[in-house]
Amino acid sequence: MTVEITSAAELTELLGTPAPRAVAKERTRLHERDRQWLAASPFCLVATAGADGTCDVSPKGDPAGFALVLDDRTIAIPERPGNKRADGYRNILANPHVGLIFFIPGRTDTLRINGRARLLRDAPWFDDMAVKGHRPVLAVVVEIEQIFYHCAKAFLRSQLWQPETWPPDPLPSRARLIKEVEAPAETLADLERHYGPQYAANLYT
């Protein structure tokens, strides 16, 4: 029998109430340790939702410290050349609320930031986010409303950072996946060339 949860009261009855420390850990300003975390993080996930509730989660990555701290309540995330879908950015234009999770390789805890975002096409500090001489295409400026550290349980359960648990590659190459799943007009050989060495060489152009 399938039993659906339909109310917050049911959810609380099932999961229980959070410990006081779990509630009290929320902050609204960057601590010095948060700045150090952002300086060490090369990767984050950006979650957005459109006005109609349509959701998107987009990965963002660059050299460690790519998220620029503008002040104690504001950070900026650069955008690099990509596939031009801009799903998350279209969501931000309709609904500014965003959720971010910042990772540090090998760490089992994460830094979470929730806030309100806006898009900038230029600013004086874009030069500070240049990589290999390339300024960002745009930047997402996030005004922090909630910041806290998330515990390690998900990473410990998944053993994400433990190479000895990683299986042999269970799926075919990126090029072959695209050919089989998306059925593009390009040949497999064309796709393999596209996702070959030149793909990594052209990350910022």
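The rules behind each value
- Residues numbered from 1 in each chain as written.
- Predicted model: local features only at pLDDT ≥ 70, side-chain atom pairs only at ≥ 80, totals over all residues.
- Heavy atoms only, no water.
- Pairing = 2+ DSSP bridges.
- Helix = DSSP H or I, 4+ residues; strand = E, 2+ residues; numbered from the N terminus.
- Salt bridge = Lys/Arg side-chain N within 4 Å of Asp/Glu carboxyl O.
- 1 Å grid on protein atoms, 1.4 Å probe; cavity = no way out; pocket = protein on both sides within 12 Å on 5 of 7 lines; lining within 4 Å.
- Points joined across faces, edges and corners; volume = space filled by probe spheres on them.
- Nonpolar A, V, L, I, M, F, W, Y, C, P; charged D, E, K, R; others polar.
- Patch = residues over 30% accessible without salt bridge, like charges linked within 9 Å, V, L, I, M, F, W, Y side chains within 5 Å.
- Areas by Shrake-Rupley, 256 points an atom, 1.4 Å probe, with all protein chains shown as cover.
- Buried < 20%, exposed > 50% of the residue type's maximum accessible area, 1.4 Å probe, protein only.
- UniProt positions renumbered as here; feature names shortened; annotations may be inferred.
- Arc of directions from axis to C-beta.
- Contact = heavy atoms within 4.5 Å.
- Axes fitted to C-alpha atoms, helices over the stretch in contact; angles between N-to-C directions.

- Where an unreviewed UniProt entry is consulted, the protein chain appears under the name Phosphohydrolase, with the organism given as Micromonospora andamanensis.

### Section: the pairing of strand β7 (residues 138-150)
Line of reasoning, step 1. Across 6 bridges, the pairing between strand β4 (residues 74-79) and β7 is antiparallel. Counterpart to Thr 74 in the pairing with β7 is Glu 143.
Line of reasoning, step 2. By the bridge criterion, 11 bridges tie strand β6 (residues 110-120) to β7 in an arrangement that is antiparallel. When the bridges of β7 are listed, Ile 113 appears paired with Ile 147.

### A short note on the pattern of salt bridges
If the charged atoms of two oppositely charged side chains come close together, the side chains can form a pair.
Line of reasoning, step 1. What the rule picks out here adds up to 10 salt bridges.
Line of reasoning, step 2. A salt bridge links Asp 62 to Arg 80, with the nearest nitrogen and oxygen atoms 2.6 Å apart. Linking Asp 62 in the loop between β2 (55-61) and β3 (68-71) with Arg 80 in the loop between β4 and α4 (87-94), this pair joins segments that are 18 residues apart in sequence.
Line of reasoning, step 3. Linking Asp 127 and Arg 135 is a salt bridge whose minimum nitrogen-to-oxygen distance equals 2.6 Å.
Line of reasoning, step 4. Through salt bridges that share partners, Asp 122, Asp 127 and Arg 135 make up one connected network.

### Quick notes on the layout of surface pockets
Empty pockets left among the atoms are what a rolling probe the size of a water molecule brings to light.
Line of reasoning, step 1. Reported here for the largest pocket is a volume of approximately 1,300 Å³.
Line of reasoning, step 2. Taken together, 35 residues make up the lining of the largest pocket; nearest its centre are Glu 79, Arg 80, Pro 81, Gly 82 and Asn 83.
Line of reasoning, step 3. Of all elements in the fold, only β1 (43-49), β2, β4, α4, β7 and α8 (197-201) reach the threshold of two or more residues within the lining of the largest pocket.
Line of reasoning, step 4. Tallying contributions element by element places β2 first for the lining of the largest pocket, with 6 residues.
Line of reasoning, step 5. Among the residues making up the lining of the largest pocket, the classes are represented as 16 nonpolar, 10 polar and 9 charged.
Line of reasoning, step 6. Quantified by volume, the second largest pocket comes out at close to 290 Å³.

### Topic: a nonpolar patch on the surface
Line of reasoning, step 1. On the surface, Ile 5, Leu 11, Leu 14 and Leu 15 cluster together into a nonpolar patch covering about 400 Å² of accessible area.
Line of reasoning, step 2. On the secondary structure map, Ile 5 appears in the segment before α1 (8-15).
Line of reasoning, step 3. With relative accessibility at 40%, the residue Ile 5 sits in the partly exposed group.

### Some points on the UniProt feature "domain: Pyridoxamine 5'-phosphate oxidase N-terminal" (unreviewed entry) in the protein chain
Line of reasoning, step 1. UniProt marks residues 31-151 with the feature "domain: Pyridoxamine 5'-phosphate oxidase N-terminal" (unreviewed entry), using the numbering shown here.
Line of reasoning, step 2. Along residues 31-151 one finds 14% helix and 45% strand; the C-alpha atoms at either end are 18 Å apart.

### A word on helix α3 (residues 32-40)
Line of reasoning, step 1. For α3, the complete set of buried residues consists of Asp 34, Trp 37 and Leu 38. Considered in projection along α3, the buried side chains sweep an arc of 95° and stay on one side of the axis.
Line of reasoning, step 2. Taken together, the buried residues of α3 touch β3, β4, β5 (97-103), β6 and β7.

### Looking at the sheet that holds β7
Line of reasoning, step 1. The strand order across the open sheet built from 7 strands is β2-β1-β5-β6-β7-β4-β3, with neighbouring strands paired in antiparallel fashion. Since the sheet does not close on itself, it has two edges, and those belong to β2 and β3, each with one partner. Looking at each pair of strands side by side, their axes are set apart by 35° on average, direction ignored.

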